[in-house]
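Architecture at a glance
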Amino acid sequence: GDASVGCNYANINAEVGRSSFEDIVLDDQLWNGNLDSSFGDRSLYNQPSYLSNFYFSYDIEKLNTNITFSKSFVGEQLYRTGFISSGSGQGSPDLYLDPYWNSNLVIRSKINDVFSVSFAAKNIFASNRSLSYAEEFESAVIDSNVYEDDSHANPIGTLSDYKRSSYEVLPSYSLSISAEF
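Residues numbered from 1 in each chain as written. Predicted model: local features only at pLDDT ≥ 70, side-chain atom pairs only at ≥ 80, totals over all residues. Heavy atoms only, no water.

**Notes on the packing of aromatic side chains**
Counted according to the given criterion, the structure contains 4 aromatic pairs. Ring centres of tyrosine 9 and tyrosine 50 lie 6.3 Å apart, and the angle between their planes is 25 degrees; on these two criteria the pair is classed as stacked. Here the residue tyrosine 9 occupies a position in strand E1 (residues 2-11), and tyrosine 50 occupies one in strand E4 (residues 50-60), the gap between them amounting to 41 residues. Tyrosine 9 gets classed as exposed once you look at its relative accessible area, which sits at 54%. With 4.7 Å between their ring centres and 45 degrees between their planes, phenylalanine 73 and tryptophan 101 make a pair best called tilted. You can see phenylalanine 73 sitting in strand E5 (residues 65-74) and its partner tryptophan 101 sitting in strand E10 (residues 100-110), a full 28 residues away along the chain. In this structure phenylalanine 73 comes out as partly exposed when scored by relative accessible area, which is 22%. A residue is classified by how much of its surface remains accessible, and tryptophan 101, at 47% relative accessible area, is partly exposed. (Phe/Tyr/Trp six-rings, centres within 6.5 Å; stacked < 30°, edge-to-face > 60°. Helix = DSSP H or I, 4+ residues; strand = E, 2+ residues; numbered from the N terminus. Buried < 20%, exposed > 50% of the residue type's maximum accessible area, 1.4 Å probe, protein only.)

Following this line, the structure appears as structure tokens:
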């Protein structure tokens, strides 16, 4: 059979100016004078800062089958933009999805001249995904307390205490039959 290996890397510097709403709520006075020009632009939603892929593919000619294993490293992505309550100096920094690894396996077999069957297993190693606040926002906000409710009477911690949360992305599987005419 034939084997092939490939890889690529993309450094993605995609930014947009903050909306007029973001400009209003990110008023310099609310941020204790720490707001500077670095807050003027932000990343695009769900756009990784970089992406790296590697794959290994093997064709088994006798069985008309191709097996491909791929691994990706996905950079930091903007998950949610921050905000500040007008006049209070309280709010939340931008929230980012931290970089993560992802692994996939695809097996495709041609049954005859028309039909083929494919099996795909995505995220086969059940990677954890973590969220974290943007450091520059966290250090600039006046009141970094986290409150139990909107009364702001009972702080239950600070942004640093709630800095990271994580979740596990389980593998997904698919089986498909296709036809080419």
